[in-house]
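Next come the chains, spelled out residue by residue.
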Amino acid sequence: DAKTTQPTSMDCAEGRAANLPCNHSTISGNEYVYWYRQIHSQGPQYIIHGLKNNETNEMASLIITEDRKSSTLILPHATLRDTAVYYCIVRKDSGGYQKVTFGIGTKLQVIP
Amino acid sequence: NAGVMQNPRHLVRRRGQEARLRCSPMKGHSHVYWYRQLPEEGLKFMVYLQKENIIDESGMPKERFSAEFPKEGPSILRIQQVVRGDSAAYFCASSPRSGPYNSPLHFGNGTRLTVT
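What this report covers is the structure whose coordinates are included nearby.

The rules behind each value
- Residues numbered from 1 in each chain as written.
- Chains lettered and ligands numbered in written order.
- Predicted model: local features only at pLDDT ≥ 70, side-chain atom pairs only at ≥ 80, totals over all residues.
- Heavy atoms only, no water.
- Buried < 20%, exposed > 50% of the residue type's maximum accessible area, 1.4 Å probe, protein only.
- Helix = DSSP H or I, 4+ residues; strand = E, 2+ residues; numbered from the N terminus.
- Pairing = 2+ DSSP bridges.
- Contact = heavy atoms within 4.5 Å.
- Buried area = accessible area lost by both parts, 1.4 Å probe.
- Salt bridge = Lys/Arg side-chain N within 4 Å of Asp/Glu carboxyl O.
- Polar contact = N/O pair within 3.5 Å; in protein donor to acceptor, adjacent residues only side chain to side chain.

**Topic: the pairing of strand E3 (residues 19–24) of chain B**
Residue and element names in this part refer to chain B. Alternating positions in E3 separate cleanly, Ala19, Leu21 and Cys23 being buried on one face and Arg20, Arg22 and Ser24 remaining unburied on the opposite face. In this structure, strand E1 (residues 5–7) lies alongside E3, joined through 3 bridges in antiparallel fashion. The residue of E3 that forms the bridge with Asn7 is Arg22. Taken together, the 5 bridges between E3 and strand E8 (residues 75–79) define a ladder with antiparallel strand orientation.

**Observations concerning the interface of chain B and chain A**
Each partner contributes residues to the interface: chain B has 23 residues there, and chain A has 20 residues. Across the interface of chain B and chain A, roughly 1,800 Å² is buried in total on both sides, 51% from carbon and sulfur atoms. The tally of links from chain B across to chain A stands at 0 salt bridges. Where chain B packs against chain A, one counts 5 residue pairs in polar contact (both at pLDDT 80 or more). Contributing elements (two or more residues each) for the side of chain B that touches chain A: strand E4 (29–37), strand E5 (43–50) and strand E9 (88–96) of chain B.

In structure tokens form, the structure reads like this:
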């Protein structure tokens, strides 16, 4: 699976959009971009994933650049409960085998 | 619709004792993954199991650690003769046997093991 690079930490004002970048310059054509987050003392929570088109769900939007070498997770109106570590993960289809390798992630602090 | 259930939530063991951590996957899920998170560190993959089979144990320490996922009942992560370095949060995740190959993992809220 391709390696990803994320900033170690970010701050965001409550109510504003949080834009979390992820670099995955070695991504290959059959690899998906996934985002998870881990709120303190809880298990990781799936947020969203995509291949090449932008995706949106009730939690967030995922913007993937045309060359697929980077992506941005957008939380449109950050709340204090969005304070968490956010993991960007790139993985290929493994025919049902869903092993995920987590990096360090980005620690997002939402400030009142 | 219950998610991934792990118990106990907190477990305290003295050095040398055994620790048993249980994980019940989401309904309809037959793949289970165990991860360990040491204090102030990231999540590390330990083992991947299907019913009655260990598929990938590449992240499991060679000694004292074992995992099983029997035909009936929860998956069990067993740590024998615990040492202080085993103190960590242990997370279980599950995924469905079939369905989209890019289905995400669903995690439980972990068992926090403290070895005194």
